[in-house]
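Overview (structure and organization)
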Amino acid sequence: MPETVRVNLPGREYDVRIGPGLIAAAGDHIAPFLKRSRVAVISDETVAALHLDSLRDGLAEQGIAMQSLTLPAGEATKSWGPLEQSVEWLLDQKVERGDMVVAFGGGVIGDLAGFAAAVLRRGVRFVQIPTSLLAQVDSSVGGKTGINAPQGKNLIGAFHQPALVLADTSVLGTLTPRDFLAGYGEVVKYGLLGDSDFFEWLEENGPALAAGDMDARVEAVRWSVQMKADIVERDETEQGDRALLNLGHTFGHALEAATGYSDRLLHGEGVAIGCAMAYELSARLGLCSQESPSRVRAHLRTMGMKTDLKDIEGDLPGATDLLDLMGQDKKVVQGQLRFILARGIGEAFVTADVPSEAVLGVLQDALRDKG
Ligand code: GLY
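Predicted model only: the values in this text are computed from it and were never measured.

**Thoughts on the site of the ligand**
Residues in contact with the ligand, as listed here, are Asp138, Lys144, Lys228, Glu238, Arg242 and Leu245. Within the side chain of Lys228, a nitrogen or oxygen atom sits 2.5 Å from an oxygen atom of the ligand. A breakdown of the residues in the shell around the ligand according to their chemical character gives one nonpolar, no polar and five charged.

**Observations regarding the packing of aromatic side chains**
Counting across every chain of the model gives four aromatic pairs. Seen in terms of ring centroids, Trp201 and Trp223 are 5.9 Å apart; in terms of plane orientation they differ by 50°. Their pairing is tilted. Separated by 22 residues along the polypeptide, Trp201 in helix H7 (residues 196-211) and Trp223 in helix H8 (residues 214-234) bring together distant segments of the chain. Each of the two residues, Trp201 as well as Trp223, counts as buried. Taken together, the ring pairs connect Phe198, Trp201 and Trp223 into an aromatic cluster.

**Some remarks on the nonpolar core**
In terms of nonpolar packing, the biggest core is built from 55 residues, with Val16, Tyr184, Leu192 and Leu193 touching the most fellow members. In terms of residue count, the dominant contributor to this core is H8 (10 residues). Ignoring any residue separated from it by four or fewer positions in sequence, one finds Leu192 in contact with Phe199, Leu247, Cys275, Tyr279, Val296, Gly344, Ile345, Gly346, Glu347 and Ala348. By size, the runner-up hydrophobic cluster in this structure holds 26 residues, among which are Ala258, Ile273, Ala319 and Leu341.

**Notes on the sheet that holds strand E9 (residues 164-168)**
Across the sheet, which stays open at both edges, the seven strands sit in the order E1-E2-E9-E6-E5-E3-E4 with mixed pairing between neighbours. Among the strands making up the open sheet, the edge pair consists of strand E1 (3-7) and strand E4 (65-71). Looking at each pair of strands side by side, their axes are set apart by 20° on average, direction ignored. Relative to E9, strand E6 (residues 125-130) runs parallel, the two sharing two bridges. Looking across to E9, one finds that Val127 is bridged to Leu164. Strands strand E3 (38-44), E4, strand E5 (100-105) and E6 of the sheet are contacted by helix H4 (residues 107-119), whose axis makes an angle of about 165° with E5.

**Some remarks on the pattern of salt bridges**
Tallying each qualifying case throughout the model produces 26 salt bridges. With a shortest N-O distance of 3.2 Å, Arg297 and Glu280 are connected by a salt bridge. Taken together, the positions of Arg297 in helix H11 (residues 291-302) and Glu280 in helix H10 (residues 267-284) put the pair 17 residues apart, joining distant regions of the chain. Taking relative accessible area as the criterion, Arg297 reaches 16% and is therefore assigned buried. Ionic contacts of the salt-bridge type, sharing partners, join the residues Glu280, Arg284, Arg297, Arg301, Asp308, Lys310, Asp365, Arg368 and Asp369 into one network.

**Brief notes about the environment of Leu9**
Among the structural elements, Leu9 can be located in the loop between E1 and strand E2 (14-19). Sequence separation of Leu9 and Ala76 is 67 residues, and the distance between their C-alpha atoms is 32 Å. Apart from the residues within four sequence positions on either side, Leu9 is in contact with Gln161, Val232, Glu233 and Glu236.

**Considering the state of the cysteines**
Applying the stated criterion across every chain yields a total of zero disulfides. Looking at the unpaired Cys288, the closest cysteine sulfur is the one in Cys275, lying at 13 Å.

**Quick notes on the pairing of strand E7 (residues 144-149)**
Consecutive side chains along a regular strand alternate between the two faces of the sheet. The buried fraction of E7 amounts to five of the six residues, a majority that puts the element mostly inside the structure. Judged from the five bridges that link them, E7 and strand E8 (residues 152-159) form a sheet pairing that is antiparallel. Bridged to Thr145 within E8 is Ala158. Between E7 and E8, which pair antiparallel one after the other, the connecting turn spans two residues.

**Some points on the side chain of Gln161**
Take Gln161: it is sitting in the loop between E8 and E9. We classify Gln161 as buried; its relative accessible area is 9%. Among the polar contacts made by the side chain of Gln161, one reaches the main-chain amide nitrogen of Gly143 at a distance of 3.2 Å. Engagement of the side chain of Gln161 in a polar contact is seen with the side chain of Glu236, the distance being 2.9 Å. Setting aside residues no more than four positions away along its own chain, Gln161 makes contact with Leu9, Arg12, Tyr14, Phe126, Gly142, Gly143, Val232 and Glu236.

**What to know about H8**
With 21 residues, H8 should reach 30 Å at 1.5 Å per residue; the first-to-last C-alpha distance of 30 Å fits that figure. Where H8 begins, the capping side chain belongs to Asp213, and its oxygen is found 3.0 Å from the backbone nitrogen of Asp215.

**Section: the side chain of His29**
Its location among the elements puts His29 in helix H1 (residues 26-30). Using a relative accessible area of 13% as the deciding quantity, one classes His29 as buried. Polar side-chain contacts of His29 include one of 3.1 Å to the side chain of Arg17. Once residues within four sequence positions are removed from consideration, His29 is found in contact with Pro2, Arg17, Leu22, Leu164 and Leu166.

Thresholds, definitions, all that
Residues numbered from 1 in each chain as written. Predicted model: local features only at pLDDT ≥ 70, side-chain atom pairs only at ≥ 80, totals over all residues. Heavy atoms only, no water. Near = heavy atom within 4 Å. Polar contact = N/O pair within 3.5 Å; in protein donor to acceptor, adjacent residues only side chain to side chain. Nonpolar A, V, L, I, M, F, W, Y, C, P; charged D, E, K, R; others polar. Phe/Tyr/Trp six-rings, centres within 6.5 Å; stacked < 30°, edge-to-face > 60°. Helix = DSSP H or I, 4+ residues; strand = E, 2+ residues; numbered from the N terminus. Buried < 20%, exposed > 50% of the residue type's maximum accessible area, 1.4 Å probe, protein only. Core = buried A, V, L, I, M, F, W, Y, C linked by side-chain atoms within 4.5 Å. Contact = heavy atoms within 4.5 Å. Pairing = 2+ DSSP bridges. Axes fitted to C-alpha atoms, helices over the stretch in contact; angles between N-to-C directions. Salt bridge = Lys/Arg side-chain N within 4 Å of Asp/Glu carboxyl O. Disulfide = S-S within 2.5 Å. Expected span 1.5 Å × (residues − 1).

Have a look at this one:
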């Protein structure tokens, strides 16, 4: 039996089912939601090559037919062109209001297909089958869907909750170690933002989990998803607490923009470095002891992850330019940048009260260290 986390949003409740073998059993899980035995699946080339046949077989076991659209892998797919292509394809497949769209892939496909489902006929239900660790612990849960704009990431979108999430932990074994660890950046984020017990558990179990221990993987995904569900239930549309999930993202998004959203820095890697920098900033502002950022960095290093700006290959812009890039963040309110800072491990909070000189100081020192 898979683990189940229930997301209790009134009128839009859904299960996140977590465990190995869920793709092979997709038909059993999805059939109760269908009015007719067919689904439209949106995927990418990498995931389709590895897992689309298993999904087709899993659905066929319950007599569910499947049409699929396969898009190029990568962040560039989260844009207007592929969105238009997806919506028109769904219309060509004659997907109706009562049908189900399946988002089968990592965060890019989940966000894009979820948004296509949100705007198709003013809203069609969809299932998330996340295939990356990052998507399993974060982007597939909570209903954020959308695409990127030239002005910044995720600036166009809608809240559209899935009807079901199937997080098949056996597919994590097909990720490259780099992609796995990038997703692990988001797992660490949960411990740091709200649960020091979880962070301690990760310090103890992180290496086994990275080495492939399935029970540890299921537990890490379950714990992360439970924390996300609790936050989303309190604040679905990010008026308050949900912003905590952006710990590490203000620095991270600026670094991603500075590296051209390229292979130089994956999203989860930016989040991990960003978490370390947010803790560094918190320590400098006297909010937490220096031990906290040291402990964050020590764990990331033990896991073999990028921890500092010096771990990013190639040149970076200067501190002032990085600060400007932060100004493009969605979390800017009335021109003021909001930061997620921390009073200790597991004790994050949202604040707009951060002197830009302090942020500049952290960036300048990290850049100096990079040399
Ligand atoms: N990934 C952040 C959120 O879902 O709010």
